[in-house]
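Residues per chain are reported as follows:
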Amino acid sequence: MNKVWLIVEREFMTRVRKKSFILLTVLMPFLMVAVVTVPALLANMDSDEHFTVGIIDKTGLYAKEFKSEGSMEYVQVHDDRPIATVTDELKNGGSLLTQILYIPDTLTNAKDGAAVIYSVEETPHEVENAVNSVLRDKIRHDRLASYNIPNVEEIISASNVGFSVKTMRKTDDGDKESSAMISAVIGMVLSLLIYMFILSYGSMVMQSVMEEKANRIVEIIVSSVKPWQLMAGKIIGIGFVGIVQMLLWGGMMVCISAIAGTFYATSSPEIANISQMATTATAEQMAQLQTVAGNPVQEFMKLASSIDFTGIFVTFLFFFIGGYLLYASMFCAFGSAVNEMQDSAQFTMPVILIFVFALYAAMFSIENPNGPLAVWCSYIPLTSPIVMMVRMPFDVPVWSVVLSLVILYISAAAIILLSAKIYRTGILMYGQKPSFKDLAKWLRY
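For clarity, every value in this text was computed on a predicted model and none was experimentally measured. (Residues numbered from 1 in each chain as written. Predicted model: local features only at pLDDT ≥ 70, side-chain atom pairs only at ≥ 80, totals over all residues. Heavy atoms only, no water.)

J.: In this structure, what is going on with the sheet that holds strand S2 (residues 72-76)? I would like to understand it.
T.: Here 4 strands make up an open sheet; going across it, the order is S2-S1-S3-S4 and the pairing mixed. One side of each edge strand has no neighbouring strand; the edge strands of this open sheet are S2 and strand S4 (116-119). This sheet shows a mean twist of 25 degrees between the axes of neighbouring strands, independent of strand direction. Bridge analysis of strand S3 (residues 99-103) against S4 gives 4 bridges, and the strand direction is antiparallel. Residue pairing in the sheet places Tyr-102 in a bridge with Val-116 of S4. (Pairing = 2+ DSSP bridges. Helix = DSSP H or I, 4+ residues; strand = E, 2+ residues; numbered from the N terminus. Axes fitted to C-alpha atoms, helices over the stretch in contact; angles between N-to-C directions.)

J.: Which parts of the structure should I look at to understand the packing of helix H15 (residues 384-391) against helix H16 (residues 398-426)?
T.: A pair of packed helices is characterised by two quantities: the angle between their axes and the separation of those axes. In contact at an axis separation of 11 Å, H15 and H16 are set at 170 degrees when each is read in the N-to-C sense. Relative to H16, the element H15 lies roughly antiparallel. Together, Ser-384, Pro-385, Met-388 and Arg-391 of H15 and Ser-400, Val-401, Ser-404 and Leu-408 of H16 make up the contact between the two elements. Here the contact of H15 with H16 is built from residues that sort into 4 nonpolar, 3 polar and 1 charged. (Parallel < 35°, antiparallel > 145°, perpendicular 65-115°, else oblique. Contact = heavy atoms within 4.5 Å. Nonpolar A, V, L, I, M, F, W, Y, C, P; charged D, E, K, R; others polar.)

J.: Got a minute to help me understand helix H3 (residues 83-91) in this structure?
T.: Along an α-helix, residues three or four apart share an orientation, since each turn contains 3.6 residues. Along H3, the residues that are buried comprise Ile-83, Val-86, Thr-87 and Leu-90. On an axial view of H3, the arc spanned by its buried residues comes to 95 degrees, and they lie on one face. Turning to H3, the residues buried within the fold contact strand S1 (51-57), S3 and S4. Once H3 finishes, Gly-93 follows within two positions and takes phi at roughly 80 degrees, a positive value. (Buried < 20%, exposed > 50% of the residue type's maximum accessible area, 1.4 Å probe, protein only. Arc of directions from axis to C-beta.)

J.: Can you help me understand the pairing of S1 in this one?
T.: Every other side chain in a regular strand lies on the same face of the sheet, so the side chains alternate between the two faces. Here S1 lies mainly inside the structure; 7 of its 7 residues are buried. In the sheet, S1 pairs with S2 via 5 bridges, with the strands oriented parallel. Bridged to Phe-51 within S2 is Met-72. Across 5 bridges, the pairing between S1 and S3 is parallel. For Gly-54, the partnering residue across the bridge sits in S3 and is Ile-100.

J.: I keep staring at the pairing of S3 and nothing clicks. Help me out?
T.: With 5 of 5 residues buried, S3 lies mostly within the body of the structure. Neither face of S3 is left uncovered, since the one carrying Gln-99, Leu-101 and Ile-103 and the one carrying Ile-100 and Tyr-102 both have all their residues buried.

J.: Just checking my understanding: could you explain the environment of Ala-337 for this structure?
T.: If you trace the backbone, Ala-337 turns up in helix H12 (residues 309-337). A sequence separation of 89 residues divides Ala-337 from Gly-426, and the C-alpha atoms of the two residues are 4.5 Å apart. Those residues in contact with Ala-337, other than ones at most four positions away along the chain, are Lys-213, Pro-434, Leu-439 and Trp-442.

J.: How should I be thinking about the packing of aromatic side chains in this particular structure?
T.: Aromatic ring pairs: the centre-centre distance and the angle between the two ring planes describe each pair. In total, this model carries 8 aromatic pairs according to the counting rule given. Ring centres of Trp-5 and Phe-240 lie 6.5 Å apart, and the angle between their planes is 15 degrees; on these two criteria the pair is classed as stacked. Residue Trp-5 is located in helix H1 (residues 2-16), and its partner Phe-240 is located in helix H8 (residues 227-267); the two are separated by 235 residues in the primary sequence. Given a relative accessible area of 43%, Trp-5 falls into the partly exposed group. Take Phe-240: its relative accessible area is 34%, and that puts it in the partly exposed class. With a centroid separation of 6.0 Å and 25 degrees between ring planes, the pair formed by Phe-320 and Tyr-324 is classed as stacked. Placement of the pair is Phe-320 and Tyr-324 together in helix H12, with a separation of 4 residues, close to one helical turn. Here a set of aromatic residues connected by ring pairs shows up, and it is made of Phe-197, Tyr-201, Trp-249, Phe-320 and Tyr-324. (Phe/Tyr/Trp six-rings, centres within 6.5 Å; stacked < 30°, edge-to-face > 60°.)

Written out as structure tokens, the structure is:
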């Protein structure tokens, strides 16, 4: 076992000392935060683009409903020429308009497409939404007016009630407010993480095996250690790299989230106003302020308080280790059987397809975490590490988790033994492209 741990130490230290590992470990949490926040910030930024929409209203009923505001400017066009002639000017650049809205007839009982927006380029989504919103309101108003019911719009407006029930979860610490959406988001994030880690570090094992085989270094190494010791040391060493990187990323994400929550609380004008009001509020007013003062981070933590994060984290580690051992041993065997990276596709493609299926099964299990697809895929060892992570925030029974882990680790042990037989033969085989039939033959050696 001393030789195995020497190999583990070599594989671990070789990778954690690389500049690429250090940079990726430091930068990845910030990149993940940027991927989430930057698109949202850009989406909320005001666009400098200005749209001038000409309205040709043959009915005279709808043009007056359009009011220019923001980036949208509406111009009523009185032109009796055929619409094709008018739009040709738009195409040839003879018009200052960016789009033309053509309404040939009344729309009260018309079907979709009765009004048309002409544009030289693809009609911007902003223009389409703005025009549709105005026309829908007008059509709705006209249809309601046709019923001749007094104050019908006020009646309908008063009957539009926004109401949602509160969901509570029974826990050992009492009743806590919960959210199925929060549980689904947490489960999907965990599934994506375990998918990414297992696939990336399993591929790293295969790449390492193929590099040593191509450089003939393995011929020297196996003169001092047994093939199974080399395989075990490589898998364990790279696995430790994955666990360390995962823990570092988790710690950094917690710190970034805490800092972001504090920054939002101190910089948001709404929070500042509430804090100022709180200095003179009564006890009853203070209770009301506390219900609206929570920032998104605090609100998220409140809804997620009923979730057992400690149990989920421990379960995540067990499923990651079991899934990694299962897939890394297969990748290790495939890497030892081939000489070139392109030759490995015939072996790895079926495994990757199963892995992708597991991710899709997890995505479809969000809506029904206790359905047949989710339950059965939680017990199949090739899919359980990913699918079970989706189910964990929904309070899966302990016996179900234990059964899934037992099946996973027994399967991983069996796959490791089979992979070791392929590895000991394939690692010294050169000059041929083995098939699945050859791998089966090596298992009998």
